[in-house]
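Results of the structural survey
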Amino acid sequence: MAAILLLLVVSVLSATYTVGETIPSVISYLSENDKIRLKHVIDPGFNLQDPTSTYYSVYGYQLLHEPILNKEKICNYLLKSIGDGNNVVPETAFYIVSAWKAIDTCQDLPIPAITKVLMNTIDKDTSTFAELYYAVNTLTLLSQKITTEKSEKLAKTLAFRKDDSLWNLGYTFHIASDLGSFGTFALHRIEDAIIQADEVNGQFLQFEGGLSITSFLVNGIFKLSNSLKKKPLLTSQQIVKLTNYLLSRRSVQTPKGVVSLLSALNTLATYEHETLVCITLPEEGVIVSNKQPLVTVKVCDIFGKPLASVPKVITNYVNKLDDDTAILNKETLQSSTTDKTLFTMDLMKAKPERGFYKISVSAASATNIVMVKVLSEVVVDYLEIGTGDADQTTQPKLTRVTYLEKLNQKIEADSQQKLVVRFLLKDSANKKPMRVHQAFIRLSSTSTTNNNNDNEITFVAEPDNANIYKFDMPLAGTAINFAYRSGDYKIALVIGDAVLSNSFEWTIATVNLKFPDAVAAESSDKNAIFKQKADIYTTKPEIKHMFREPEKRPPAFVSNLFTGLCLAPALLLIILWAKLGVNISNFPLSLSAVTFHLGLGGIFVLFGVFWLKLNMFVTLRYLLGLGVVTFLAGNKLLSNIAHKHKS
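All residue numbers refer to positions counted from 1 along the written sequence of the respective chain. Local features in a predicted model are, by the rule used here, given only for residues with pLDDT of at least 70; side-chain atom pairs are given and counted only at 80 or more, and totals for whole chains, interfaces and linings are based on all residues. Calculation of side-chain values draws on the structure's entire complement of heavy atoms; hydrogens and water are dropped beforehand.

**Points about the UniProt feature "domain: Ribophorin II N-terminal" (unreviewed entry) in the protein chain**
UniProt positions are given in the numbering used here, feature names are shortened, and annotations may be inferred rather than shown by experiment. In this numbering, the UniProt entry assigns the feature "domain: Ribophorin II N-terminal" (unreviewed entry) to residues 30–269. Runs of H or I in DSSP of at least four residues are treated as helices and runs of E of at least two as strands, each being numbered from the N terminus. Secondary structure content for residues 30–269 is 63% helix and 2% strand, while the C-alpha to C-alpha distance between its ends is 11 Å.

This is how it looks when you write it as structure tokens:
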């Protein structure tokens, strides 16, 4: 009793959670540009080269809701391709009949002959899953009903052939959906297919094999569930992730891939139990500033069309990406008067600081997080430029320059001084000091007689703890960077950042730099503050492989003497045999004796060849064969000798 009560409580809680549950939205949709590009991919099929490509073009146009031209020409080609229908194979019949059905204005096909071929395929016990799929689906397209006996037999055949490969599962789902109540056996096998799906990055769900098998299984699962009037055994999150994967493949480049993509998306879009919602940013609406304060969100179906009823779109929160600080909660977005898929919100009224923000948007029980960038304007609070002693014995003499104006007088600096720049940047909205990613001081020569790249040099200005940017350039220490060329240089301030709406380049003044003589400055180059890097893009010397010098060989006399010493034991053996006498007459003339001595001699020859030319692995391979034969022959020889002595 307690267990039953516990089960009821869990069921109630589960039902309550499901009702209030929000699911993630689809992260993208099929735009009009995508449809145009997909249309161009399937256009070559209208050249009528083969029934398969013709089917992809005709069916693809039907899925795109595009008018099909030259219908009569296509119909004639289909009728010619199928002939009298007696020799057609199920797969070709499927493509021809599907295209013929999509056009719907063609002359009648030889239906009796085609039906006979397809029925024979169903009756054969050796028909494959694919042949049965094409046969059953083509009969359904031709409105030819399969008898109850054949439907029951086919269902038992498929149930008996328990093959859990993805393609065969897909064929099973499609076939079972056309068998009526006899297809119920395949319903529980949907779980066997879903468990084989791979999840990627928590956003995509796909089957191994890519777009074709994923689309085929999606169509089969939903077709089977609809025919049996059951809800597919898929969670809302799984459906969304499958849709995300399909939409991620919208750049497909093959006609088969286009039809696979469009057919699966149409299946998901017409799913009656759940409406797939896409919440995303339009292509032009990711940057917000005082000049453009509105955040625009697109809420649509997976084909970019408005939803059946205009949903209420709200922002759950707006948080800064850096520190996750919330600046706005529960804000309702306003529907656009010109486009029912667009909803806008004034983000700048919350006075956000510059940076990146994540916005959680909910619409029609779906939720998604979109990213926007808030820009701000930078102003130069003050900038001072001047010169000072390089040894810092006195304070530098600085002149303040008005923003975006150029200093009237020329600044003079010699090798005993340093060029000094001080400036402070502030946010125009809140007047707070700010730092930027790029703050450069660039000096470029005003001389037009020399076009070398080193006439322009850029230095980095660094901020201190008070966010005041400082730049000090001792002329003696940086002369090598300018190749010791004295003269007039323009000095400019370059400010840039990803969250600035007014990055700029400002020419501050003209400075006359007097560098020391190159010869006299050689000793001071070791203490240079700004080192000139070597040109890493020049041609490097060719790298040539150096082989190790061979070891020095001994004289020929020493080598021959060593060889003779190695052969001395064999020579001694022959001499002793000659002196003692060899009892050759006692040699047993048997197969084992001859084989043993030949094998032993072969082994010695093999060792000699190994010494001259073979490697170890080849030698071992030959030695294995010789050794086995010699061992068996030797064992037999010894057995015969022992038996002879014993007798």
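Still more to cover.
**So, the state of the cysteines**
Any two cysteine sulfur atoms lying within 2.5 Å of each other are counted as a disulfide. Per the counting criterion, the structure on display carries one disulfide. Here C75 pairs with C106 through a disulfide, and the sulfurs are 1.8 Å apart. Classification of the bridge connecting C75 and C106 rests on its S-S torsion, roughly -70°, and on that basis the disulfide is left-handed. Of this pair, C75 sits in helix α4 (residues 71–82) while C106 sits in the loop between α5 (90–103) and α6 (111–123), and the two are 31 residues apart along the sequence. Neither residue differs from the other here; C75 and C106 are each classed as buried. Type-normalised accessible area, obtained with a 1.4 Å probe on protein chains alone, sets the label of each residue: buried when under 20%, exposed when over 50%, and partly exposed for intermediate values.

**With respect to a nonpolar patch on the surface**
Residues L321, F356, I369 and M371 make up a contiguous nonpolar surface patch of about 340 Å² in total accessible area. You can see F356 is positioned in strand β11 (residues 355–363). Classification of F356 by relative accessible area gives partly exposed; the value is 37%. Excluding any residue in a salt bridge, patches collect residues exceeding 30% relative accessible area, merging like charges within 9 Å and nonpolar Val, Leu, Ile, Met, Phe, Trp and Tyr side chains within 5 Å. Working definition of accessibility: Shrake-Rupley area with a 1.4 Å probe, residue cover restricted to the visible protein chains. Salt bridge, as applied in this entry: a Lys or Arg side-chain nitrogen positioned within 4 Å of an Asp or Glu carboxyl oxygen.

**Concerning the pattern of salt bridges**
In the structure shown here, the tally under the stated rule is 19 salt bridges. A salt bridge links E199 to K241; the shortest N-O distance between them is 2.9 Å. In this pair, E199 sits in strand β2 (residues 198–200) while K241 sits in helix α12 (residues 236–248), placing the two residues 42 residues apart along the sequence. For E199, a relative accessible area of 47% gives the class partly exposed. Since its relative accessible area comes to 17%, K241 is described here as buried. Where D488 meets K410, a salt bridge forms, and the shortest distance between an N and an O atom there is 2.9 Å. Of this pair, D488 sits in strand β21 (residues 487–496) while K410 sits in the loop between β14 (397–400) and β15 (411–413), placing them 78 residues apart in sequence. By relative accessible area, D488 is classed as partly exposed at 24%. Members of the salt-bridge network, linked through shared partners, are E32, K35 and K305.

**Observations regarding the pairing of strand β22 (residues 504–513)**
A regular strand places its side chains on the two faces of the sheet in alternate fashion. A large share of β22 lies buried, amounting to eight of its 10 residues. Examined bridge by bridge, β21 and β22 share nine bridges and lie antiparallel to one another. Considered in β22, the bridge of Y489 is made with V511. By this definition, two strands are paired if DSSP reports at least two bridges between them.

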